[in-house]
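So you can see what is in the structure, the chains are spelled out below.
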Amino acid sequence: MASKLEFARFPAPDGVNGWWESLPPPAPALTVSSEHRFDWVVIGGGMTGLSAARRLAELAPGASIALVEADRIGRTTAGRNSGFFVDLPHDISSESYSRSVDADKADVRLQRHGIDYVRSIVRQHGIDCDWRDDGKFHAAVNKKGQAALLHFAQGLDRIGERFEWLDEAAIEKVTGTGFYRGALFTPGCSTVQPAALMRGLAATLPANVKVFEMSAVKAIGDGREAKVLTFERGKIVAKRVVLCTNAYAATFGGHPNGLLPVYTFASLTRVMNADEVSKLGGTRSWALIPADPMGTTVRRLITDRICVRNHFAFRPNLEVSQADLAKAKSLHRRSFDRRFPMLENVELECTWGGPLCLSANNGALFGQRGDGVFEAVGCNGLGLSRGSAAGKLIAEYALGQSNDLVLQLLNQPHPRSLPARPIADVAVSAAIWVKEFTAGAEL
Ligand SMILES: Cc1cc2nc3c(=O)[nH]c(=O)nc-3n(C[C@H](O)[C@H](O)[C@H](O)COP(=O)(O)OP(=O)(O)OC[C@H]3O[C@@H](n4cnc5c(N)ncnc54)[C@H](O)[C@@H]3O)c2cc1C
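Everything numeric in this text was worked out from a predicted model, so none of it was measured.

**With respect to the nonpolar core**
Reasoning step 1: Formed by 58 residues in total, the largest nonpolar core has its most connected members in Leu67, Phe85, Leu197, Met198 and Val242.
Reasoning step 2: No other element matches the seven residues that helix H9 (residues 383-398) contributes to this core.
Reasoning step 3: If we ignore the near neighbours within four places in the chain, the residues touching methionine 198 are Met47, Leu50, Ile73, Gly74, Ala78, Gly79 and Leu384.
Reasoning step 4: Of all hydrophobic cores here, the second largest spans 29 residues; its members include Ala140, Ala148, Leu184 and Ile432.

**Examining a nonpolar patch on the surface**
Reasoning step 1: Judged by side-chain polarity, Trp433, Val434 and Phe437 come together as a nonpolar surface patch covering roughly 380 Å² of accessible area.
Reasoning step 2: By the secondary structure assignment, phenylalanine 437 is in helix H11 (residues 423-439).

**Digging into the pattern of salt bridges**
Reasoning step 1: Taken as a whole and judged by the stated rule, the model has 27 salt bridges.
Reasoning step 2: Between glutamate 168 and arginine 181 there is a salt bridge, with its nearest N and O atoms 2.8 Å apart. Here the residue glutamate 168 occupies a position in helix H5 (residues 168-175), and arginine 181 occupies one in the loop between H5 and strand S7 (182-186), the gap between them amounting to 13 residues.
Reasoning step 3: We classify glutamate 168 as partly exposed; its relative accessible area is 36%.
Reasoning step 4: Arginine 181 sits in the partly exposed class, given a relative accessible area of 31%.
Reasoning step 5: One network of salt bridges, in which partners are shared, links Arg55, Glu58, Lys392 and Glu396.

**Some points on the sheet that holds strand S17 (residues 348-358)**
Reasoning step 1: One open sheet holds the eight strands; their spatial order is S6-S7-S5-S14-S15-S16-S13-S17, and the pairing between them is mixed. One side of each edge strand has no neighbouring strand; the edge strands of this open sheet are strand S6 (164-167) and S17. Taken pair by pair, the neighbouring strands of this sheet meet at an average axis angle of 25 degrees, ignoring direction.
Reasoning step 2: Across three bridges, the pairing between strand S14 (residues 286-290) and strand S15 (residues 297-300) is antiparallel. Residue pairing for S15: alanine 287 is matched across the bridge by arginine 299.

Quick notes on the rules
- Counting restarts for each chain: residues are numbered from 1 in the order of the written sequence.
- Local features in this predicted model are restricted to residues of pLDDT 70 or higher, and side-chain atom pairs are both shown and tallied only at a pLDDT of 80 or more, whereas totals for entire chains, interfaces and linings draw on every residue.
- Hydrogens and water molecules were not included; the side-chain quantities draw on all heavy atoms of the structure.
- In this text, buried Ala, Val, Leu, Ile, Met, Phe, Trp, Tyr and Cys residues form a nonpolar core when linked through side-chain atoms within 4.5 Å.
- Throughout this description, buried means an accessible area under 20% of the type-specific maximum (1.4 Å probe, protein chains only), exposed means over 50%, and partly exposed covers the range between.
- Starting at the N terminus, helices and strands are each numbered in turn, a helix being any DSSP run of H or I of at least four residues and a strand any DSSP run of E of at least two.
- Contacts are residue-level and defined by heavy atoms, with any inter-residue pair within 4.5 Å sufficient.
- Residues with no salt bridge and a relative accessible area higher than 30% make up the patches, which join like charges within 9 Å and nonpolar side chains (Val, Leu, Ile, Met, Phe, Trp, Tyr) within 5 Å.
- Areas reported here follow the Shrake-Rupley algorithm with a probe of radius 1.4 Å; residue values treat only the protein chains shown as occluding.
- Any carboxyl oxygen of Asp or Glu that lies within 4 Å of a side-chain nitrogen of Lys or Arg is treated as forming a salt bridge with it.
- Should DSSP find at least two bridges between two strands, the strands are regarded as paired.
- For helices, the fitted axis covers only the stretch in contact; all axes are lines through C-alpha atoms, and the angles between them, taken along N-to-C directions, range from 0 to 180 degrees.

By themselves, these are just geometric observations and shouldn't be taken as functional.
In structure tokens:
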């Protein structure tokens, strides 16, 4: 490991996060503006970092812990997603989310561990984040989608997981739209308002965790028997560091080039009026993912808004342009109109993007990356359930504990390295383009 690690990129404002905008304004941020000392510093206030900081505090109640976040907690990717805590296999590079039986079983075990942990915190503290244990629908638009659903169902059968089939009329009864040809319902998925969850998790951390926001770490150096983290207006000296920066780790000195910052985008409608709600029909709240992972995710919210997500873009410099956002918004509009022709006057109020951290082989980084530095990086598109588990488990590992899930993560493959840029840029972008093109009607 290099003796000094430098962050090359910091989170940028990638559109307007509708989940965040629909919350009341937050309390002012506490920033790093002088010198502080802690036993532990967790870097990154996303799902992984919030779990890691909490678990460290639970297991080491006498330790002092800092959680540092470059932006506001809840405004970045962990508060920008579609809010699915997915328990079942969800490999978005596969055509039907499934992998091998062993890999699928291991994923389910890990993801359920993460979901159970967060659910118990939400319940214990009464976090107001619209947590729902209502399951999800996988819906198909055409024959190709129906074939992908069948393949997914066979994968679920092989690992002994429950599901239910819905025909065209049954899924229309739920969603109000006749757009889908059929669907498969899986009961174990939970959904949330992600920005509200992240804010609530930060607000209910144990008393030995101090949260700093709007405080980007610029470098981590070695001091005498401790790490020295440099910020624009101060520093933190800490015995140990836990890195939970997900995609941002891709530009952070010393990491392999197998971490792929791939953006995906979402839009949220304004609140529908009573007339629009009655034209739509269906049930008040549902969550649907596309049969083809490259298709469109849709949620109808209890607040009478609809959230749509689609489109991927490889952005190794970790920023998206106004043109990227405009393209995403126009794709969202098209997907929305095809599904909800009865809602043609319902505007998309906010559109935003956020970086996933993918890898060519579904690998991730977990463990110790040097003296006093630990990491849990690489959500592979499923950072809510996987990140909550990985954050909890990295804390356990860093405190010397071992268990089956820690071993599972230590033994998972590392992200496979890619050719150097610009060859990798062209290859990854072309692969995404082909997958999106073939997803066709599912978009
Ligand atoms: C539109 C969209 C929809 C999605 N839908 C889903 C979904 O339904 N379910 C699901 O599981 N996943 C979904 N995802 C992915 C999910 O949001 C991520 O997997 C998840 O956020 C990963 O959590 P994390 O904590 O590992 O990383 P992040 O959420 O990326 O958190 C990393 C944090 O590190 C901070 N950071 C970076 N550099 C520094 C620095 N130098 N100093 C201090 N802080 C720093 C960042 O600001 C960021 O807050 C979606 C993503 C998007 C964009």
